[in-house]
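# Fold and contact review
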Amino acid sequence: MLEAGKESDFELPPIMKALDEKLGGVVSNLVTDMDFKGKSGSSEMIYVPSNETGIRRLAIYGLGEAEESSSGPSVDSIRKITAYGVKTAKSVKGAQDLGIVLPGATQAAVQAAADAAIVAAFSDERFKSSSSDEDSEDKKEEIASVTLLEVDAAASKADVDNGKSIASGVILTKELVMAPPNVVNPVSLAETAESIASDCGLEIEILDREECEKRGMGAYLGVSQGSVYPPKFIHMTYKPSEKAEHKICLIGKGLTFDSGGYNLKTGFGSMIELMKFDMGGSASVLGAAKAIGQLKPKAAEVHFIVAACENMVSDKAFRPGDILTASNGTTIEIGNTDAEGRLTLADALVFADSLGDVDCIIDLATLTGAIIISLGNEYAGLF
């Protein structure tokens, strides 16, 4: 079980006090013995002897000093608590059921907890060899259930369902990014989009090379021409049942593999072996499409655009010095074939603008390694 705490004058909430009495002071002893003050990110776990509650492990997690004006912990804090609980439970042999005490069971908190629980429990085993060793040290426990204590199940069903929808989109994004480039390519990415559209009732159009040529998408097609896989320009649309108040466009960079082209990624730090993640933007957009298609927001029409292709070396690939013409007529001289993302996104942005009356365009891209150098692995650049 988990509970947020204040760094000063830490006091157990009522439900934890009641539990402490049933467990003979185990909770309060843990707090006292470990001098637990609820410092942000701090945690403790203890084995609980056999008792009438059936609880075998108890964990507490700190969120730091609470703000007097705050209505409760942030959604991000709720996700951290829940993820900590699920991952801790998975590390305990024989653990089946997890109970979580939320510090404030608001609608947003319940939704965030449901989302975080499912995502934290997710483990991608698709590409691992099967092992006959059932007692492998790397084997994680499967959690059968997660219960949010002191939460009205019936009243919170819609919030839990929303959390599940968001989690399904996050997991799809993870699966796409983690899959190798011989599994996720422009063709399979388009097939995934078609599956999402079918399952979630979205409109979809996929432009092939000929249609892209008719639209003058020379920048995008220039990048794609070195690959054995044909380019697939994906456009999905979510439309609410009522008149939309806003029109939003999400664009994701869709390089399913980026070799760098003739400016080949070489040398230490080039990360060529990791370039399957160069479609992270498109994975995020398709994950968002899956989530939004299930959530069905009333106020917004949302467009999802991915210019999917590979950047490869071949006798057909574009070269340094080539001049490409984008779909708005702008000519672009190629100085470096490894600066390909902006070329594919240029034609995607022109396409988004042509939709008319777009209130907001959000472009998601693994555009440059300089962001990682500047901000590290925990933050994204926002421009």
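What comes next concerns the included structure. Each residue is numbered by its place in its chain's sequence as written, counting from 1. Where totals are concerned, whole chains, interfaces and linings use all residues; where local detail is concerned, this predicted model gives features only for residues with pLDDT of at least 70, and gives and counts side-chain atom pairs only at 80 or more. The side-chain quantities take in all heavy atoms of the structure and omit both hydrogens and water.

Glancing now at the overall build of the protein. Put simply, DSSP marks the helices as runs of H or I at least four residues long and the strands as runs of E at least two long, and each gets a number from the N terminus on. Across its full length, the protein carries 11 helices and 11 strands. Judged by the C-alpha coordinates and their principal axes, the protein covers about 75 × 50 × 40 Å. The proportion of buried residues among the 383 residues of the protein is 43%. Taking all contacts inside the protein whose residues are at least 6 apart in sequence as the whole, residues at least 24 apart take part in 75%. Reported accessibility uses the Shrake-Rupley method at a 1.4 Å probe radius. Residues are deemed covered only where the shown protein chains occlude them. Summing over all exposed atoms, the protein offers an accessible surface of approximately 20300 Å²; the carbon and sulfur share of this is 50%. Partly exposed describes any residue whose relative accessible area lies between the buried limit of under 20% and the exposed limit of over 50%, with all areas from a 1.4 Å probe on protein chains only and scaled to the type maximum. Residue contacts are counted whenever heavy atoms from the two residues lie within 4.5 Å of one another.

With respect to the helices, strands and loops of the structure, serine 374 is situated in helix α11 (residues 370-375). Engagement of the side chain of serine 374 in a polar contact is seen with the backbone oxygen of alanine 370, the distance being 2.8 Å. Any pair of N or O atoms that falls within 3.5 Å is considered a polar contact. Within protein, one atom must be able to donate a hydrogen and the other to accept it, and sequence-neighbouring residues count only if both atoms are side-chain atoms.

Here helix α2 (residues 26-33) has its buried residues at Val26, Val27, Leu30 and Val31. Buried residues of α2, viewed axially, fall in a sector of 135°; they line one side. The exposed set on the far side of α2, more than 90 degrees from its buried face, consists of Thr32 and Asp33. Here the buried face of α2 lies against α1 (14-22), β1 (43-47) and β2 (57-61). Phi turns positive one or two residues past the end of α2, at aspartate 35, with a value near 50°. To obtain the arc, one takes the directions from the helix axis to the C-beta atoms.

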